[in-house]
Each structure stands twice: as structure tokens, then as C-alpha cells.
Amino acid sequence: MKGAKAALERNDYEAANTIFRNMIDSGQPLPEEMPYLFAETLFQLKQYDNSANFLNKYLELTGFTGSHYEGAQALHKRLETPLKEIIECQLCDRRGYRYKVCFTCEGKRQIEQDCNYCKAKGVVGCSRCSGSGMVTKMNIFKIVEYFECDRCAGKGRLTCPVCEGSLKEVSSCQTCNGSGKLSSEDICDHIAEEAHEHI
Ligand SMILES: [Zn+2]
Ligand SMILES: [Zn+2]
Ligand SMILES: [Zn+2]
Ligand SMILES: [Zn+2]
């Protein structure tokens, strides 16, 4: 905790971040003020969503009695604008991380693949005649008669009902759950790509 505080005094937020994370990973009981100081650190690192989480945890644990009560209230205020910007921005996820284009579907949301139903043959066996093209009926004299299957017109095969003979099947991209985008590790500045290029 001393190390983290020293890092904060030097404004070395990256170092403080590392120390706090090690404290959490160690599983040791955390000092009462830790969630607040970590929230301040995360704010400086622009991880606003996570900062709000730790700030809320601090307020939950200490209520009105925390030694950083006023600082916590001030941080709560400072978080309002950046959190609002995240919610309003279409370019980042709810935690403020920039979206990137899905590498599987390249942003198309769907992918085309070989039809699974017909195994990319375009045809399937006719179920009425079991693929023989003929059906049998017993006439009134108990004699078996053969007829051409009317479902497949005697061909024994039908055009695949899933791909309709195209051999391809279009389905929602599994990688991005059909959204066309994935979250990245980059904190969003809420400025569109095109605008960046003109700066
Ligand atoms: Zn995708
Ligand atoms: Zn048939
Ligand atoms: Zn098919
Ligand atoms: Zn954004």
C-alpha cells in the first residue's frame, strides 16, 4: 500500500495500477482506502467504467465515514462526463473500449459457408421414396403396384431446401455474434477514424 501511495504521489499511475492489481491478485485483505485510491488511479488511466466500479465499492464499504469521503464525492462528479460520453459513443463498448471490425466476417455480420444440410451437394435424397424415385401402393387385389414418386418426379432427389441448390449457406457470424464488431484493448477517444486522418 505504501508503494502504491508513493507511486500516486509521483503521478506514476501505471506503477500504482500494477501495485493495486497485485494486491487484488494476492487475495490478502485490502486496506479500506484501497478501492478509492485505485478508482483515482483508474480515472487517470481513463478506465472510467472500472474507476466507477471501485469508487462504488468504496462508498458501499465506507458510507459516510470513509476517510476519503469528500474525495470520493468529487471523483463521482468528475466521472459523470466521461461516463456519459461512453454511453453516447457508438464507437466503443459500454466500458469505453474501442470496437474493431470482426476479423471473421470483416464487419459483414454474416458469413457464407458450405451448406451443412446437403454437405454442399445442392441436392438431398427424397424422403418419400427413400431416394428410389418409386413408391409402392397395394391395390384392392392386394397386388403391389409401382408408381413414380410425385414429390421428386421420379428423380429420387430434391433440390436442397436450405441452400436451394446454391451449395452455400449464409449464417450469422459466430465470432462477433452477428454484430460485425469486437471490443479491443484500446480506450476510445470517441472520435471517428475519418476525423483522425484529418488531424
Ligand atoms: Zn463477425
Ligand atoms: Zn421421391
Ligand atoms: Zn444445401
Ligand atoms: Zn467511444
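Residues numbered from 1 in each chain as written. Chains lettered and ligands numbered in written order. Predicted model: local features only at pLDDT ≥ 70, side-chain atom pairs only at ≥ 80, totals over all residues.

Turning our attention to the domain arrangement of the chain. Here the chain is described as being made up of domain 1 (2-88) and domain 2 (110-172). A straight line from the C-alpha centre of domain 1 to that of domain 2 covers 65 Å. (Domains from an automatic or database assignment.)

Attention now goes to the pairing of strand β5 (residues 144-148). Counting buried positions along β5 gives zero out of five residues, so the element sits mostly on the surface. As paired elements, strand β4 (residues 134-138) and β5 share five bridges and run antiparallel to each other. Following the sheet pairing, valine 135 is matched in β5 by phenylalanine 147. Hairpin geometry of β4 and β5 is characterised by an intervening segment of five residues between the two adjacent antiparallel strands and by a positive phi of about 60° at lysine 142. (Buried ≥ 20, exposed ≤ 12 C-beta atoms within 10 Å, placed from the backbone. Helix = DSSP H or I, 4+ residues; strand = E, 2+ residues; numbered from the N terminus. Pairing = 2+ DSSP bridges.)

Let us look at the packing of helix α2 (residues 13-26) against helix α3 (residues 34-44). Axis separation between α2 and α3 bottoms out at 9 Å; the angle between their running directions is 140°. Between α2 and α3, the angle is such that the two are oblique. Regarding α2 and α3, the two cross each other, and that crossing is left-handed. Between α2 and α3, the contacting residues are Tyr13, Ala16, Asn17, Phe20 and Met23 on the first element and Met34, Phe38, Thr41 and Gln44 on the second. A breakdown of the residues in the contact of α2 with α3 according to their chemical character gives six nonpolar, three polar and no charged. (Axes fitted to C-alpha atoms, helices over the stretch in contact; angles between N-to-C directions. Parallel < 35°, antiparallel > 145°, perpendicular 65-115°, else oblique. Left-handed = near helix turned anticlockwise from the far one by under 90°. Contact = placed C-beta atoms within 7 Å. Nonpolar A, V, L, I, M, F, W, Y, C, P; charged D, E, K, R; others polar.)

In the Ramachandran plot, glutamate 106 falls in the positive-phi region, its phi being about 50° despite a non-glycine side chain. Note on placement: glutamate 106 falls in the loop between β1 (97-101) and β2 (110-114). On the neighbour-count criterion, glutamate 106 (11 C-beta atoms within 10 Å) is exposed. For asparagine 177, which is not glycine, the phi torsion reads 55° and is therefore positive.

What follows covers the environment of serine 183. Inspection of the secondary structure puts serine 183 in strand β8 (residues 181-187). Linking serine 183 and glutamine 28, residues 155 residues apart in sequence, is a C-alpha distance of 31 Å. Apart from the residues lying within four places of it in its own chain, the contact partners of serine 183 are Asp93, Tyr97 and Tyr99.

A packed helix pair is summarised by two numbers, namely the angle formed by the two axes and the spacing between the axes. Between helix α4 (residues 48-62) and helix α5 (residues 69-88), the least distance of the axes is 10 Å, while the angle of their chain directions is 150°. The handedness of the crossing between α4 and α5 comes out as left-handed. Side by side, α4 and α5 meet where Tyr48, Asp49, Ser51, Ala52, Leu55, Tyr58 and Leu59 of the first sit next to Ala72, Leu75, His76, Leu79, Pro82, Leu83 and Ile86 of the second. Partitioned by chemical class, the residues of the contact of α4 with α5 number eleven nonpolar, two polar and one charged.

Ala39, Leu55 and Tyr58 are the most contacted members of the largest nonpolar core, which has 23 residues in total. Among the elements of the structure, α1 (2-9), α2, α3, α4 and α5 are those that each provide at least two residues to this core. Leaving out residues up to four positions away in the same chain, tyrosine 58 has contacts with Pro35, Tyr36, Ala39, Gly66 and Ala72. (Core = buried A, V, L, I, M, F, W, Y, C linked by C-beta atoms within 7 Å.)

Further remarks concern α2. With 14 residues, α2 should reach 20 Å at 1.5 Å per residue; the first-to-last C-alpha distance of 20 Å fits that figure. Contact partners of the buried residues in α2: α1 and α3. Following α2 by one or two positions, glycine 27 has its phi on the positive side, about 75°. (Expected span 1.5 Å × (residues − 1).)

Another point: the environment of leucine 42. The topology assignment puts leucine 42 in helix α3. Judged by C-beta crowding, with 24 C-beta atoms within 10 Å, leucine 42 ranks as buried. A sequence separation of 25 residues divides leucine 42 from asparagine 17, and the C-alpha atoms of the two residues are 7.3 Å apart. Setting aside residues no more than four positions away along its own chain, leucine 42 makes contact with Gln47, Asn50, Ser51 and Phe54.

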